[in-house]
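Spelled out, the chains give:
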Amino acid sequence: MRWPRASHHRIHPPATAPFAAMSISSTTHRLERATKWLRVLDWRVCLPASALCVAGVVLVWSSTRAAVEDTGAYLTRQIAYGLAGLAAMVALAHVGRWSLRAWSVPAYLVGCLGLAAVLTPLGVTVNGSRSWLGVAGLQFQPSEPAKLALVLALASVLGTASDEPPGRPGHAAARLPAALGVAAVPLGLVMLQPDLGTGLIMIAITAGMLLVAGTPWRWLALLAGGAIGAAGLAWWLGLLKPHQVQRLLVFAHPSADPQGVGYNALQALETVGSGGLLGRGLFRGDQTGGHFVPEQHTDFIFTVAGEELGFVGAAFLLVLLWCVLWRGLRIAALAASPYERLVAGGIVCWLAVQSAVNVGMVLGLAPIVGVPLPLLSYGGSSTLTCLAAAGILMSVRGDRRDVMPGRVDRLRALS
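These figures come from a predicted structure and were not determined experimentally.

A. Spatial organisation of a nonpolar patch on the surface. Taken together, the side chains of Val 54, Val 58, Leu 282 and Phe 283 define a hydrophobic patch exposed on the protein surface, amounting to about 300 Å² of accessible area. Inspection of the secondary structure assignment puts Leu 282 in the loop between helix H11 (263-273) and helix H12 (286-289). For Leu 282, a relative accessible area of 36% puts it in the partly exposed group.

Okay, here's the thing in structure tokens:
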């Protein structure tokens, strides 16, 4: 009896197996890259900033939909600004610290050139201030990105000064003249426009970053005294424009001219108060629909939130702003280098002061100086710059290649 011979034929895997393995490997690689990109994003900055951007689109639509001259253009443009700003935020979140620092000086020079360009025939005057560039039918406000450029430039000047002992050449007091010179150029160009609101924001940025850099209090007190003296001298010499003087006088007595220069302040306060606790409902505000508040889609966007969303809704928007600011403070406190600490601290100071001034002028707590509410007001210049600043905050937090040994444990708290 013969047993059947064992077959010597080998069973070969299907010809498509290598391609399947390559496909799985490629998919896994793409997933790893996507995960790495997402891991860099700080969702405690990204989510509230994105939510504010969406809320801004809704409020802009509510404040402009009843306008006779509007056919949805404001809404379309604000959506485009928001999408472009979110793309810039994500892109800048992946920029390393050294790349960011290398671009600080070019960004500062471009910002100063933009501020100088508005003083040429390319500049456009709006509400008594020559602060806009008009090119091919589009308008852009260079003073908005100039704020961010000032933060980066001052961080480069003071970035090696924070940890130096007093008396050393690298200490903040020794670098004070250079920092003041860097701040004086864009500030002077802004005041020539003139744009008092942006000038005040730039002064606040400079003072806040000098404080973060460790400048002695006596120097800060001398600078504050000099600034107050310069403001008094400008008032005495009549260097302020008539509309700027009127705004300051209205802040003291808004009811003195209710149909004139005090109209904006009184209508803004009445509109915010008419919303009560829960508001009249989205798209149901009588004051907003009647356009009783001038510029309600830009500088006075908070009046729309107050009337239609009420105290609860408006407070929730401020809480979202506070979340971004608080996270920025945490990033500054746990920064791996003085430069990163100054960048984060400068951005927080800028956004916090601008938000406080905008809400304050709506509530009658600050003079009307014409500054937008970050991430909520209509405008491409402001929206793009604020979202770019949020991306830089995440970049400062996300770059861990140069972590100092003494801060490793504290940086883990950010994860």
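B. Geometry of the pairing of strand E2 (residues 129-135). Taken together, the four bridges between strand E1 (residues 123-126) and E2 define a ladder with antiparallel strand orientation. Following the sheet pairing, Val 124 is matched in E2 by Trp 132. As paired strands, E2 and strand E3 (residues 138-140) are joined by three bridges and run antiparallel to one another. Of the residues in E3, the one forming a bridge with Leu 133 is Phe 140.

C. Summary view of the packing of aromatic side chains. Across all of its chains, the model carries three aromatic pairs by this definition. Seen in terms of ring centroids, Tyr 81 and Tyr 378 are 6.1 Å apart; in terms of plane orientation they differ by 55°. Their pairing is tilted. Of this pair, Tyr 81 sits in helix H3 (residues 73-93) while Tyr 378 sits in the loop between helix H14 (338-362) and helix H15 (380-398), and the two are 297 residues apart along the sequence. With a relative accessible area of 23%, Tyr 81 lands in the partly exposed category. Ring geometry for Trp 322 versus Trp 326: centroids 5.9 Å apart, planes at 15°, classification stacked. Residue Trp 322 and its partner Trp 326 are located together in helix H13 (residues 301-333), separated by four residues, close to a single helical turn. Trp 326 gets classed as partly exposed once you look at its relative accessible area, which sits at 46%. Aromatic ring contacts, followed pair by pair, group Tyr 74, Tyr 81 and Tyr 378 into a single cluster. Over the aromatic face of Tyr 74 sits the side chain of Arg 77, whose NZ or CZ is 5.4 Å from the ring centroid.

D. Region of the structure containing empty space enclosed by the protein. Applying the stated rule across the entire model yields three cavities of 30 Å³ or more. Its boundaries defined by the atoms lining it, the second largest cavity holds a volume of some 50 Å³. Lining the second largest cavity, in full, are Leu 321, Val 324, Leu 351, Leu 375, Cys 386, Ala 389, Ala 390 and Leu 393. Among the secondary structure elements, those contributing two or more residues to the lining of the second largest cavity are H13 and H15. When residues in the lining of the second largest cavity are grouped by element, the largest group, four residues, is from H15. The class makeup of the residues in the lining of the second largest cavity is eight nonpolar, no polar and no charged.

E. Quick peek at H13. Helix length check: H13, at 33 residues, gives a terminal C-alpha distance of 32 Å against a target of 48 Å (1.5 Å per residue), a shortfall beyond 12%. Approximately 130° is the largest bend angle found in H13, and it occurs at Leu 309.

F. The arrangement of the sheet that holds E2 in detail. Strand order in the open sheet formed by three strands is E1-E2-E3, and the pairing between neighbours is antiparallel. Because the sheet does not close on itself, it has two edges, and the strands there are E1 and E3. Adjacent strand axes in the sheet meet at a mean angle of 45° when their direction is disregarded.

What counts and what doesn't
- Residues numbered from 1 in each chain as written.
- Predicted model: local features only at pLDDT ≥ 70, side-chain atom pairs only at ≥ 80, totals over all residues.
- Heavy atoms only, no water.
- Patch = residues over 30% accessible without salt bridge, like charges linked within 9 Å, V, L, I, M, F, W, Y side chains within 5 Å.
- Areas by Shrake-Rupley, 256 points an atom, 1.4 Å probe, with all protein chains shown as cover.
- Salt bridge = Lys/Arg side-chain N within 4 Å of Asp/Glu carboxyl O.
- Helix = DSSP H or I, 4+ residues; strand = E, 2+ residues; numbered from the N terminus.
- Buried < 20%, exposed > 50% of the residue type's maximum accessible area, 1.4 Å probe, protein only.
- Pairing = 2+ DSSP bridges.
- Phe/Tyr/Trp six-rings, centres within 6.5 Å; stacked < 30°, edge-to-face > 60°.
- Lys NZ or Arg CZ within 6 Å of the ring centre and 35° of its normal.
- 1 Å grid on protein atoms, 1.4 Å probe; cavity = no way out; pocket = protein on both sides within 12 Å on 5 of 7 lines; lining within 4 Å.
- Points joined across faces, edges and corners; volume = space filled by probe spheres on them.
- Nonpolar A, V, L, I, M, F, W, Y, C, P; charged D, E, K, R; others polar.
- Expected span 1.5 Å × (residues − 1).
- Bend = angle between axes of the 7 residues up to and from the residue.
- Axes fitted to C-alpha atoms, helices over the stretch in contact; angles between N-to-C directions.

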